[in-house]
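Letter by letter, the chains look like this.
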2 protein chains.
Amino acid sequence: MAREIPDATVARLPIYRRSLVELASTGAEMVSSAALADLAGVNAAKVRKDLSYLGTYGVRGVGYDVKFLLRQIGDALGLDIETPVVIVGMGNLGQALAHYGGFSSRGFPIVALVDASEAKVGQVVDGIAISHIDDLDTIVKEHAIAVGIIATPAEAAQIVADALVAAGVRSILSFAPSVLHVPETVPLRKVDLATELQILGYYQQRESPAEGGNTDKSA
Amino acid sequence: MAREIPDATVARLPIYRRSLVELASTGAEMVSSAALADLAGVNAAKVRKDLSYLGTYGVRGVGYDVKFLLRQIGDALGLDIETPVVIVGMGNLGQALAHYGGFSSRGFPIVALVDASEAKVGQVVDGIAISHIDDLDTIVKEHAIAVGIIATPAEAAQIVADALVAAGVRSILSFAPSVLHVPETVPLRKVDLATELQILGYYQQRESPAEGGNTDKSA
DNA sequence: GTGAGCTTGTGCGTTCGTGCACAAGCGGTA
DNA sequence: TACCGCTTGTGCACGAACGCACAAGCTCAC
Ligand SMILES: NC(=O)c1ccc[n+]([C@@H]2O[C@H](COP(=O)([O-])OP(=O)(O)OC[C@H]3O[C@@H](n4cnc5c(N)ncnc54)[C@H](O)[C@@H]3O)[C@@H](O)[C@H]2O)c1
Ligand SMILES: NC(=O)c1ccc[n+]([C@@H]2O[C@H](COP(=O)([O-])OP(=O)(O)OC[C@H]3O[C@@H](n4cnc5c(N)ncnc54)[C@H](O)[C@@H]3O)[C@@H](O)[C@H]2O)c1
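This one's a predicted model, so the numbers in the text were calculated from it and none came from an experiment.

J.: Sorry if this is basic, but what is going on with the protein's contact with DNA strand D here?
T.: Around DNA strand D, the structure places 27 residues, and the nearest of them are Ser33(A), Thr56(A), Tyr64(A), Lys49(B) and Arg60(B). Taken together, the sugar and phosphate atoms account for 64% of what DNA strand D places within 4 Å of the protein. Taking Ser33(A), its side chain carries an N or O atom lying 2.6 Å from a phosphate oxygen of DNA strand D. In this structure, Arg48(B) approaches DNA strand D through a side-chain N or O atom, which is 3.3 Å from a base nitrogen. Counting residues per element, the ones that place at least two in the surface near DNA strand D are α3 (44-52) of chain A together with α1 (7-25) and α3 (44-52) of chain B. The greatest single-element share of the surface near DNA strand D, amounting to four residues, is contributed by α3(B). Residues belonging to the surface near DNA strand D are distributed by class as follows: nine nonpolar, nine polar and nine charged.

J.: Quick question: what am I supposed to make of the nonpolar core here?
T.: Membership of the largest hydrophobic core comes to 93 residues, with the highest contact counts inside it found for Leu20(A), Leu113(A), Leu20(B) and Leu113(B). Ranked by the residues each element gives to this core, the list is headed by α1(B), at seven residues. In this view, Leu20(B) contacts Val31(B), Leu36(B), Val66(B), Leu69(B), Leu70(B) and Ile73(B); residues no more than four positions away in its chain are not counted.

J.: Which parts of the structure should I look at to understand the site of ligand 1?
T.: Neighbouring ligand 1 are 24 residues, the closest being Asn92(A), Leu93(A), Asp115(A), Thr152(A) and Tyr100(B). Taken together, the residues near ligand 1 originate from chains A and B. Contacts to ligand 1 include Ala96(B), whose backbone N or O atom sits 3.2 Å from an oxygen atom. When isolated, ligand 1 has an accessible area of 820 Å², and the protein chains bury 82% of it. Where the shell around ligand 1 is concerned, the elements lending two or more residues are α5 (92-99) and α7 (154-167) of chain A together with α5 (92-99) of chain B.

J.: I'm lost on the sheet that holds strand β5 (residues 124-125) of chain B in this one. Help?
T.: Sheet strands pair by backbone hydrogen bonding; their relative direction is either parallel or antiparallel. Residues and elements named next belong to chain B. Across the sheet, which stays open at both edges, the seven strands sit in the order β5-β6-β4-β3-β7-β8-β9 with mixed pairing between neighbours. Edge positions in the sheet fall to β5 and β9 (188-190), since each of these pairs with one other strand and no more. Strands β3 (85-88), β4 (110-115) and β6 (128-132) of the sheet are contacted by helix α6 (residues 136-143), whose axis makes an angle of about 180° with β4. Where helix α7 (residues 154-167) meets the sheet, it contacts β3, β7 (147-150) and β8 (171-174), and its direction lies at approximately 170° from that of β7.

J.: Would you mind showing me how to read the domain arrangement of chain A here?
T.: Frequently, the measure chosen for interface size is the accessible area that the parts lose on association. Annotation of chain A at the domain level lists domain 1 (7-76) and domain 2 (85-195). Taking the mean C-alpha position of each, domain 1 of chain A and domain 2 of chain A sit 31 Å from one another.

J.: When you look at helix α4 (residues 66-77) of chain B in this model, what are you seeing that I'm missing?
T.: Note on helix geometry: an α-helix contains 3.6 residues per turn, so any two residues three or four positions apart are oriented the same way. With 12 residues, α4(B) extends 17 Å from end C-alpha to end C-alpha; this agrees with the ideal 16 Å at 1.5 Å per step. For α4(B), the full list of buried residues reads Val66(B), Leu69(B), Leu70(B), Gln72(B), Ile73(B), Gly74(B), Ala76(B) and Leu77(B). On its buried face, α4(B) is in contact with α8 (193-206) of chain A together with α1, β1 (30-31), α2 (33-40), α3 and β2 (64-65) of chain B. Two or three places before Lys67(B), at the start of α4(B), stands the capping residue Asp65(B), its side-chain oxygen 3.2 Å from that residue's backbone nitrogen. Positive phi shows up at Gly78(B), right after α4(B), with a value of about 75°.

J.: Just to check I follow, could you spell out the packing of helix α2 (residues 33-40) of chain A against α3(A) for this structure?
T.: Two packed helices can be described by the angle between their axes and the distance between those axes. All names here are of chain A. Close contact between α2 and α3 brings their axes to 8 Å; oriented N to C, the two are set at 105°. Relative to α3, the element α2 is oriented roughly perpendicular. When α2 is examined against α3, the residues Ser33, Ala34, Leu36 and Ala37 are found in contact with a partner set consisting of Ala44, Val47, Arg48 and Leu51. Per-class residue counts for the contact of α2 with α3 are six nonpolar, one polar and one charged.

J.: So what exactly am I meant to see when it comes to the sheet that holds strand β7 (residues 147-150) of chain A here?
T.: The strand order across the open sheet built from seven strands is β5-β6-β4-β3-β7-β8-β9 (chain A), with neighbouring strands paired in mixed fashion. In this open sheet, the two strands that pair with only one neighbour each are β5 (124-125) and β9 (188-190) of chain A. The pairing of β5(A) with strand β6 (residues 128-132) of chain A spans two bridges and is antiparallel. Bridge pairing in β6(A) places Val124(A) opposite Ala129(A). Lying on the sheet, α7(A) is in contact with β3 (85-88), β7 and β8 (171-174) of chain A; it crosses β7(A) at an angle near 170°. Those strands touched by helix α8 (residues 193-206) of chain B are β7, β8 and β9 of chain A, and its axis lies near 155° from that of β8(A).

J.: Just checking my understanding: could you explain the site of ligand 2 for this structure?
T.: As a matter of local geometry, ligand 2 sits amid 24 residues, with Tyr100(A), Leu93(B), Asp115(B), Ala151(B) and Thr152(B) nearest to it. The site occupied by ligand 2 is bordered by residues of chains A and B. A distance of 3.0 Å separates an oxygen atom of ligand 2 from a polar atom in the backbone of Asn92(B). One of the side-chain N or O atoms of Asp115(B) is found 2.5 Å from an oxygen atom in ligand 2. Isolated, ligand 2 exposes 820 Å² of accessible area, and the fraction of that covered by the protein chains is 82%. Only α5 of chain A together with α5 and α7 of chain B provide two or more residues apiece to the shell around ligand 2. Sorting elements by how many residues they give to the shell around ligand 2 places α7(B) first, with three residues.

J.: Any chance you could explain the packing of aromatic side chains here in plain terms?
T.: Given two aromatic rings, one states the distance between the centres and the angle between the planes to describe the pair. Residues and elements named next belong to chain A. Evaluation of the coordinates by the stated rule reveals six aromatic pairs over all chains. Ring geometry for Tyr100 and Phe103: centres 5.1 Å apart, planes at 85°, overall edge-to-face. Residue classification places Tyr100 among the partly exposed positions, given a relative accessible area of 33%.

Reading the values: rules and limits
- Residues numbered from 1 in each chain as written.
- Chains lettered and ligands numbered in written order.
- Predicted model: local features only at pLDDT ≥ 70, side-chain atom pairs only at ≥ 80, totals over all residues.
- Heavy atoms only, no water.
- Near = heavy atom within 4 Å.
- Polar contact = N/O pair within 3.5 Å; in protein donor to acceptor, adjacent residues only side chain to side chain.
- Helix = DSSP H or I, 4+ residues; strand = E, 2+ residues; numbered from the N terminus.
- Nonpolar A, V, L, I, M, F, W, Y, C, P; charged D, E, K, R; others polar.
- Core = buried A, V, L, I, M, F, W, Y, C linked by side-chain atoms within 4.5 Å.
- Buried < 20%, exposed > 50% of the residue type's maximum accessible area, 1.4 Å probe, protein only.
- Contact = heavy atoms within 4.5 Å.
- Areas by Shrake-Rupley, 256 points an atom, 1.4 Å probe, with all protein chains shown as cover.
- Pairing = 2+ DSSP bridges.
- Axes fitted to C-alpha atoms, helices over the stretch in contact; angles between N-to-C directions.
- Domains from an automatic or database assignment.
- Expected span 1.5 Å × (residues − 1).
- Parallel < 35°, antiparallel > 145°, perpendicular 65-115°, else oblique.
- Phe/Tyr/Trp six-rings, centres within 6.5 Å; stacked < 30°, edge-to-face > 60°.

Okay, structure coming up:
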């Protein structure tokens, strides 16, 4: 329905959104592409082109309506409805994620926590009791969970990913440092902290400039 | 000295490295670009082209020497020497990062922890006492710290980034959801979990496939 | 020594992203 | 009503990345 939005643009929309939320809180009603570009740390022309994919709602000579733009971006990203999330693997990282409020406040409430360790099952973290991985299927269906976050060791990541897909999760975010295979229909994104550090290592060593957000690409 | 390596390639080197470490542990001596491509989840031609930037050390008809390749990649990424890291902001995320062993084992030992809260200063996490942010300068110089990890709230991120740069840190990894400005000479990478979820939201909503590692770009 | 069978290294066409630069268009002013 | 200044929307050209496809080159067998 909505027209096709380029990957690079999609990756920037959340940044624009964050900047706009900030702007809105200061009472600003309108914003120019130049001002937004400044806040988001990108080129003004890029901002205009990106926004043009959402439909052309700017007013020449004036700029964009902040509130309206926020709604447009929210719609494009599917933030108009809440997307329930399950975290699998309640170790160091899983616990930190569970405690973090930034997900719920951005439309991704964490509704279930899962682990394989008997010692962890039953523990309550941030108001949610940890369930056993064997019950994943039931849990996902019960809460209509759409997103699975993998925070298990790398060895377990593929098994967990398979289980999530089988249970009906529609997209996956993985923190495990391993290559995962999922069906084409399930969007998968990876965050690998050690990899990030190694990339920094290269640029640092070469003493060459290389600032960069972590935009995505690939098929 | 080493020839210029494209950004996209640099971002993949750590993945190759991980796959090679795995291979080496199984006793494999040689590996073909096709096999490595399979492990890393990329195209075989891309593997060959990527590796060719490191110099041309493959043997036609045979493949690449696993151990030698590991050394080559390690050198390119600057992993031949240990790179000390400081974590700033010891809340949920900072604590999880401090407990994580994956950094030290990959050449990035965490040698200092810093926070602004009096309540946290002095606490010992994973064998390291938390220091006060005011002492950052001294700490960085004392330990010859090269990388700063920012795990503070977004509001404090820019101040912390400035302090890190002033103290002499050479590159920065930030988890704060905010746009940071640093000198061109300081490589900066951002990891924003909420943004990742929002990006997933888009593809999920469109039910279109969009797997992807998080490769970087930008000037 | 010669040939068969692999695997590397890379040239080339294609696609995607970027940002400059400018015409189109809106609002306010005289 | 006519004009001026500002901002959007986009055509265009450049560059980066990708992956196919093939020649070059190595090893082994006979
Ligand atoms: N902690 C960090 O800061 C950090 C940083 C970078 C990457 N990571 C990665 O994130 C992942 C988790 O890290 P961590 O430090 O939290 O590890 P952890 O060992 O503390 O926790 C892992 C948890 O996963 C659970 N688990 C194991 N197998 C499981 C399975 N099959 N199903 C469900 N749960 C299972 C374990 O019981 C444990 O509670 C790892 O892949 C790690 O490499 C963590
Ligand atoms: N916890 C998560 O799972 C998670 C997930 C995504 C993003 N983040 C981001 O990571 C950052 C940290 O998250 P958190 O959950 O750990 O927050 P937190 O509130 O638990 O911890 C923040 C810590 O930073 C310290 N701090 C504040 N100002 C400081 C300053 N000027 N100098 C040094 N230290 C300072 C605080 O004392 C506190 O200990 C936030 O920006 C958050 O948005 C966290």
